[in-house]
Amino acid sequence: MRSFAMSLPGIVLAIAANASTTGASVTGFPPTLPPADLVLRDATVATLDPLQPEVQAVAIRAGKIEAVGSDEAIARYIGKQTKVLDLHGAFVTPGFIEDHGHLMDTGESLMQVDVGQPANWDEVVAVVKAAVAKAKPGEWIVGQGWQQAKWSKVPQPNVDGLPLPTALDAVSPNNPVLLNHASGHGIIANAQALKLAGIGDKTPDPPGGAIVRDAQGHATGMLRDNAADPVFAAYNSYLKTLPASEQEARRERALQLAVQNEIGKGITTFVDQGESFKTVTWLKQQVGKGLPLRLYVYIDEKSPAELDKHLAEYRTIGYADNRFTVRGIGEDVSDGALGTHSAWFLEPYSDAPTLTGLNVNKMSDLRKMAQIAARDGFQVAIHAIGDRANRELLDMYQDIFTQYPEARNLRWRIEHAQHLALSDIPRFAQLGVIASMQSIHACSDAPMVVSRIGEKRAEEGAYVWKKLIDSGAIVLDGTDTPVEDTNPIANFYCGVTRAYAHGAKKLFPAQAKTRLQELQSYTWNNAYAILAENELGSLSPGKFADLDVFSGDLLTAPADDILRTRVLYTIVGGKVVYARPDADKWHKGQRFEPMPEFDHAE
């Protein structure tokens, strides 16, 4: 320290001498910096950059992070044209990435009847009745979000807790009705919809699907997984009868609603888990026209032959100023969902001992598609919820990595990874397979988990985020929208508390993440999973300026206050794409009302 201090006068003299010889004045040091386009100051900024983990201010220029630091340091970047946001102590993070969602389905769900809010089947029927009263004869009534495990009472009579068709048929005799289960792995259809789909009492169960029947063998209208395909086909045939202009307007409206929904909830990048070749082409065109959201889209083509023929030509990286990338296939499914008894387990369900779930898509078909992806240098992201489904995929990935060693570097994933056998938990890290999980599912599913698979299996392997993280695996976070509301706040709360029933109960809380782990899951980990950790995921100079501004500090706020947190601003590429209407009036210490209890389940 002494020798350093003694040298300071010499340094100062050298600077002065240099200034005199160059004509520059000492008052010009430090040099003037190029002005920023946008500066955020007076904030609590969690950068997730280990070199500067917490700062007060951020300077943004040309769509990228120019600098981070103290208010004083960043003030040097403020010029006459710089827009300045004084945040009054608000919490700033890297932009949240929705790592597992369905973009167009989300938009379409926002145009459909909401059957997730009704408290029981009688109320669902009442909602359908009201929709029929406004519809034309023959017009389809489509709803989204029901979950029988959440109903306040069991329908009477019922099969496996599911209603018989009498009430629904009575209120909609001339309008086909299609009501999607919250998980997306089952529907309830009325008699008119079944008729149009060609499904009757003698229709056999298709591979990977099940038609629920009553004691007399009559189809009840509940269709699990692939059994619902003919109803969706009939609905799509109806849509094709609409004028072409109306079809395009519906599609554009769905995209617009989905994008606004995402940015309004703090999502800056959306990972779409599966679109057809045709839809991917259309989405690329829309992005080219300008979208305030980054898209990372997986190809979802059911035909291995089509995938083999066309996959490579759809590879797209960083199109439209890094707003659109395609280099993966998903979300082909290996099994169904816990809520519909179709998640594929090694042992029977505790509450349905004749069932072990469904292998929805043949493992042989999934293997063919994964091999094509490995050959063409694409990621693979396949849905697996039950422990049998997860084991089958881990085995398959391991075999393919032997055949295509370079595929290990593509960061293949298993979507959901909800229920794992103990011996399979360390295999994720060993194989380099990413666990793409959704925290909100644990809290939504919690009321039925133990009854479905028993206490022992649930505690050992259900939503075991901490066990996976401790083993060295990369664990992601998202919401599976529209299965769950895409709002990351409820998801964050579940990740760090595992609380449900309005906070009164917790599902094996030892598996909760720390606050920092949860924030990393939603930002840096999600960026890593889409091979974008050098551009996204932390607020480091040179990275894209994608940021969220929250009303509360998610790393330090009391757990009960997390659900009071609101998104104030969403910033993508240095542009404010969403501002809460009262954001400029927000002040530190202001408290919002808690968010409603999450109400969906897988």
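Please read all numbers here as calculations on a predicted model, not as lab measurements.

### Some details on the packing of helix α12 (residues 363-376) against helix α13 (residues 387-403)
Line of reasoning, step 1. Viewed as axis vectors pointing N to C, α12 and α13 meet at an angle of 35°, and their least axial separation amounts to 10 Å. For the pair α12 and α13, the crossing hand works out as right-handed. Residues M363, L366, R367, A370, Q371 and A374 of α12 form the contact with α13, whose participating residues are E392, L393, M396, D399, I400 and Q403.
Line of reasoning, step 2. For the contact of α12 with α13, the per-class residue count stands at seven nonpolar, two polar and three charged.

### Considerations on the pairing of strand β18 (residues 294-299)
Line of reasoning, step 1. Most of β18 sits inside the fold, with six of its six residues counted as buried.
Line of reasoning, step 2. Residues R294, Y296 and Y298 of β18 are buried on one face, and the alternating residues L295, V297 and I299, pointing to the opposite face, are buried as well.
Line of reasoning, step 3. Bridge count between strand β17 (residues 267-275) and β18: five bridges; the pairing is parallel. Looking at β18, one finds that T269 is bridged to R294.
Line of reasoning, step 4. One crossover worth recording links β17 to the parallel β18 by way of helix α9 (residues 277-289), and it is right-handed.
Line of reasoning, step 5. Bridge count for β18 against strand β20 (residues 324-326) is two bridges, and the pairing is parallel. Residue Y296 lies in a different strand from β20, and its bridge partner there is T325.

### A few points about the sheet that holds strand β3 (residues 54-55)
Line of reasoning, step 1. An order of β3-β2-β7-β27-β28-β29 is seen for the six strands of this open sheet, with the pairing classed as mixed. Looking at which strands have only one partner, the edges of the open sheet turn out to be β3 and β29 (575-579).
Line of reasoning, step 2. Pairing of strand β2 (residues 44-46) with β3, which is carried by two bridges, proceeds in the antiparallel orientation. Each bridged residue has a counterpart across the sheet, and for A46 the counterpart in β3 is E54.

### A few points about the pairing of strand β28 (residues 567-572)
Line of reasoning, step 1. Most of β28 sits inside the fold, with six of its six residues counted as buried.
Line of reasoning, step 2. In this sheet, β28 lies alongside strand β27 (residues 547-550) in antiparallel orientation, the contact comprising four bridges. Counted as the bridge partner of L547 is I571 from β28.
Line of reasoning, step 3. Here β28 pairs with β29 via four bridges, running antiparallel. Bridged to Y569 within β29 is A579.

### Let's talk about the side chain of T47
Line of reasoning, step 1. For T47, the position within the fold is in the loop between β2 and β3.
Line of reasoning, step 2. On the basis of relative accessible area, T47 is assigned to the buried category, the value being 0%.
Line of reasoning, step 3. A distance of 3.0 Å separates a polar side-chain atom of T47 from the backbone nitrogen of D49.
Line of reasoning, step 4. At 2.5 Å, the side chain of T47 forms a polar contact with the backbone oxygen of Q52.
Line of reasoning, step 5. Setting aside anything within four residues of it in sequence, one finds T47 in contact with Q52, P53, E54, V55, P94, S538 and L539.

### Concerning the nonpolar core
Line of reasoning, step 1. Counting residues in hydrophobic clusters, the biggest one holds 101 residues, and the most contacted among them are W412, F428 and L468.
Line of reasoning, step 2. When near neighbours in sequence (up to four residues on either side) are disregarded, W412 contacts A370, A374, F378, Q379, V380, Y397, I400, F401, A407, G432, V433 and I434.
Line of reasoning, step 3. Among the nonpolar cores identified, the runner-up in size contains 23 residues, and L38, V55, I60 and I65 belong to it.

### Concerning empty space enclosed by the protein
Over the atoms rolls a probe the size of a water molecule, and its path tells where empty space is left.
Line of reasoning, step 1. In total, this model carries two cavities of 30 Å³ or more according to the counting rule given.
Line of reasoning, step 2. In this structure, the largest cavity occupies an estimated 60 Å³ of space.
Line of reasoning, step 3. Forming the boundary of the largest cavity are P94, G95, I97, T268, T269, L536, G537, S538, L539, F544 and D546.
Line of reasoning, step 4. Its residues assigned to classes, the lining of the largest cavity shows five nonpolar, five polar and one charged.

Rules used in this analysis
Throughout, a residue's number is its position along its own chain's written sequence, starting from 1. The model is predicted, so local features are restricted to residues of pLDDT at least 70 and side-chain atom pairs to those at 80 or more, both for listing and for counting; the totals for chains, interfaces and linings are taken over all residues. Excluding hydrogens and water, the side-chain figures rest on all heavy atoms present in the structure. Axes here mean lines fitted to C-alpha atoms, for a helix over just the part in contact, with angles spanning 0 to 180 degrees between N-to-C directions. Strands are runs of DSSP state E lasting at least 2 residues, helices are runs of H or I lasting at least 4, and numbering of each runs from the N terminus. Each crossing gets its hand from how the near helix is turned against the far one by less than a right angle, where anticlockwise is left-handed and clockwise is right-handed. A contact between two residues is defined here by any heavy atoms of the two lying within 4.5 Å. Residue classes follow a fixed rule: Ala, Val, Leu, Ile, Met, Phe, Trp, Tyr, Cys and Pro count as nonpolar, while Asp, Glu, Lys and Arg count as charged, and any other residue, Gly among them, counts as polar. Only protein chains enter the accessibility calculation, which uses a 1.4 Å probe; a residue is then buried when its area is under 20% of its type maximum, exposed when over 50%, and partly exposed in between. Strands were regarded as paired on the criterion that DSSP finds at least two bridges between them. Crossover handedness is defined here as right-handed if the route from the first strand over the helix to the second strand goes clockwise, with the strands pointing away from the viewer. Any pair of nitrogen or oxygen atoms within 3.5 Å is treated as a polar contact; in protein, a donor-acceptor pairing is required on top of that, and neighbouring residues in sequence qualify only through side-chain atoms on both sides. Nine residue types can take part in a nonpolar core, namely buried Ala, Val, Leu, Ile, Met, Phe, Trp, Tyr and Cys, and a core is a set of them joined through side-chain atoms within 4.5 Å. Detection works on a 1 Å grid of protein atoms alone, calling trapped sets that fit a 1.4 Å probe cavities and calling open sets with protein on both sides within 12 Å along at least five of seven lines pockets, with lining residues defined by an atom within 4 Å of a point. Grid points are joined across faces, edges and corners, and a volume is the space filled by probe spheres set on the points.

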